[in-house]
Amino acid sequence: MPEPTSKTLSKCAECGLETPERICMTLDGKGSKNCPTLLQKEALEEANREYELPETYEFAQKASMQEADCYANRDQQPYVMQPTKTRMVEIYEFADKMSYRRLGLAFCIGLAKEAAIVEKILADRGFEVVSVLCKAGRTSKEMIGISDKDKIYRGTDEAMCNPIFQAQLLNKSQTELNILLGLCVGHDSLFFKHAEAPTTVLAVKDRVTCLLYTSDAADECVNVLMWVGGVSWNVGGGGGGGG
């Protein structure tokens, strides 16, 4: 494979064309600098051959069906997008389309309350949920060379987040689809690398711009999940914890 150069690297994020004008959206559209639709024909052909595999074909087909199902009144012309479904609904509807019954839930301990609600929503819809939190196993951070100055709680034998353990437990449980909830940057990457089942993300954790860790915002998040899933739940106190 030739070494990539500045002339071959895709730069889609820098494209200044309006969406309807882009070659990736319209047959007679245009491409901007380093447009992969125009310049990466060989790579595109190689990628598209992967969809010939029956398992990949079905997965991609059902994902595309689910994408369309998230918009209402698609018979209207001209059509203006009318989104109707939350990420939570999208996940369990896609799992149904794929006839999955055993789902994995890998979550941050700081979102334990939200994870319990997600598990109940899925269980109420007939799914078997295998859930593993990030601190499972209580492996010391010192095992990976973390000194006291790099711990959150200095002066303690702090447990590390262990996404490899989370992934391997779900692998052993033979989950068919995994759901990530709030894993840290880097830890989520390790989970993706070691998980055998396909993985999707329900929500990410942003420690600054997301107010999930304040009690009012956490309760509001829980209320949204309850509304989505039709769950009766006793809400009290906010999210918190490590990770």
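Rules and cut-offs
Residues numbered from 1 in each chain as written. Predicted model: local features only at pLDDT ≥ 70, side-chain atom pairs only at ≥ 80, totals over all residues. Heavy atoms only, no water. Salt bridge = Lys/Arg side-chain N within 4 Å of Asp/Glu carboxyl O. Helix = DSSP H or I, 4+ residues; strand = E, 2+ residues; numbered from the N terminus. Buried < 20%, exposed > 50% of the residue type's maximum accessible area, 1.4 Å probe, protein only. Polar contact = N/O pair within 3.5 Å; in protein donor to acceptor, adjacent residues only side chain to side chain. Contact = heavy atoms within 4.5 Å.

Undergrad: Give a detailed account of the pattern of salt bridges, specifying residues and quantitative values.
TA: Counting across every chain of the model gives 11 salt bridges. For the salt bridge of K97 with D69, the shortest nitrogen-to-oxygen distance reads 2.9 Å. Placement of K97 in helix α4 (residues 87-97) and of D69 in helix α3 (residues 54-69) is noted, with a sequence separation of 28 residues between them. Owing to a relative accessible area of 28%, D69 belongs among the partly exposed residues under this scheme. Across the salt bridge formed by D96 and R101, the nearest N and O atoms sit 3.2 Å from each other. On the accessibility criterion, D96 (39% relative accessible area) is partly exposed. When salt bridges that share partners are traced, they join E142, D148 and K151 into one network.

Undergrad: Kindly report on the side chain of Q66, identifying the contributing residues and their values.
TA: Note that Q66 resides in helix α3. In this structure Q66 comes out as buried when scored by relative accessible area, which is 2%. At 3.3 Å, the side chain of Q66 forms a polar contact with the backbone nitrogen of F94. If we ignore the near neighbours within four places in the chain, the residues touching Q66 are E90, E93, F94 and K97.

Just geometry here; none of it tells us what the structure is for.
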